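A look at the structure
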Amino acid sequence: MAQRYAGLRCVSRRKIEWLPGKECVYPMPNNLSWMHYERLMRVKNEDERDWYLREASTENWSYRTLDRNIGSQYYHRLLQTPESKRGEVIDEMQRLTADYQKDRHKFLRNPVVAEFLGFSQDAAYSETNLESAIIDHLQKFILELGKGYAFVARQQRIKTDIGEYYIDLVFYNYILKCFLLIDLKTSRITHEDIGQMDMYIRMYDELKCSEGDNPTIGLLLCSETSKDLARYSILKDSKQLYAAKYLTYLPTREELTAEIERQKEIFALQTGKNQD
């Protein structure tokens, strides 16, 4: 069944429709996140919005690149520039957004909207149920997670002299050339969760990585993130450890906008980077 926002109908994970007025259907590219779509929803001109959608997908723009290009009127500047000079505008944009495109975090979406798992908003489920649902919908989960990922293992065992440990989900990103470890939590993130994932990353780097692999990334995928932990724990300034919130239902436009802003603030606290 189609789900409606104010001004948007989500027909499926593959296409969206903008309402009201004449109905306009857009393909829903797999390489864009819900953060991209939330930003596109705020572009009122239909032609402009369609152009940004196509360019963001074709050029693999990160959310920050899309946000900056919309804010700097990139579309209108190109239209107003003679065709012979447009290359200069494009080169300038690519230069100014180069750092955004290099950021590791653009390969990790936050929040992760996983309504395809089949859980209702108020459903009670365990971490095992969540993991099983992800495996059952693995292709869709990988597409929502970000670009460049391939599945490696579920409950991968690491044996050490102090015992055996099991990592919920392991992926490999062929663009970043590194492993991604995911620890699933159906509760709010804690200091213990962060410490455990930090240990997993260190063990994986030493015991599993091969020559040519970049440092492992660890992602705590939890039902609620924390500003204080982003600010005061080892999450802060870490280049390998991240936390993200997942949603098992498709929120309203207002809820999605508010959640994206909260997660952007938490990321800024963790990395010390301004998200504007």
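Residues numbered from 1 in each chain as written. Predicted model: local features only at pLDDT ≥ 70, side-chain atom pairs only at ≥ 80, totals over all residues. Heavy atoms only, no water.

Details of the pattern of salt bridges
Summed over the entire model, instances satisfying the criterion amount to 13 salt bridges. Between D228 and R231 there is a salt bridge; the shortest N-O distance is 3.2 Å. In this pair, D228 and R231 are both assigned in helix α10 (residues 227-232), 3 residues apart and thus about one turn of the helix distant. By relative accessible area, D228 is classed as partly exposed at 46%. By sharing partners, the salt bridges in this structure join E224, K245, E259 and R262 into a single network. (Salt bridge = Lys/Arg side-chain N within 4 Å of Asp/Glu carboxyl O. Helix = DSSP H or I, 4+ residues; strand = E, 2+ residues; numbered from the N terminus. Buried < 20%, exposed > 50% of the residue type's maximum accessible area, 1.4 Å probe, protein only.)

Considerations on the sheet that holds strand β6 (residues 149-160)
Taken together, the 6 strands give an open sheet; going across it, the order is β5-β10-β9-β8-β7-β6, and neighbouring strands pair in mixed fashion. Strands at the two margins of the open sheet, each flanked by one partner only, are β5 (112-113) and β6. With 2 bridges connecting them, β5 and strand β10 (residues 241-247) associate as parallel partners. Paired with V112 across the bridge in β10 is Y246. (Pairing = 2+ DSSP bridges.)

A closer look at helix α9 (residues 191-207)
Taking 1.5 Å as the rise per residue, α9 with 17 residues should run 24 Å; its terminal C-alpha atoms sit 24 Å apart, in good agreement. Within the span of α9, buried status applies to D193, I194, M197, D198, Y200, I201, M203 and Y204. (Expected span 1.5 Å × (residues − 1).)

Side note on the packing of helix α1 (residues 34-41) against helix α3 (residues 63-71)
Two numbers describe how α1 lies on α3: the axes approach to 9 Å, and their chain directions differ by 10°. As far as their axial angle goes, α3 and α1 are roughly parallel. Along its contact with α1, which presents M35, H36, E38, R39 and L40, the element α3 presents Y63, L66, D67, I70 and G71. (Axes fitted to C-alpha atoms, helices over the stretch in contact; angles between N-to-C directions. Parallel < 35°, antiparallel > 145°, perpendicular 65-115°, else oblique. Contact = heavy atoms within 4.5 Å.)

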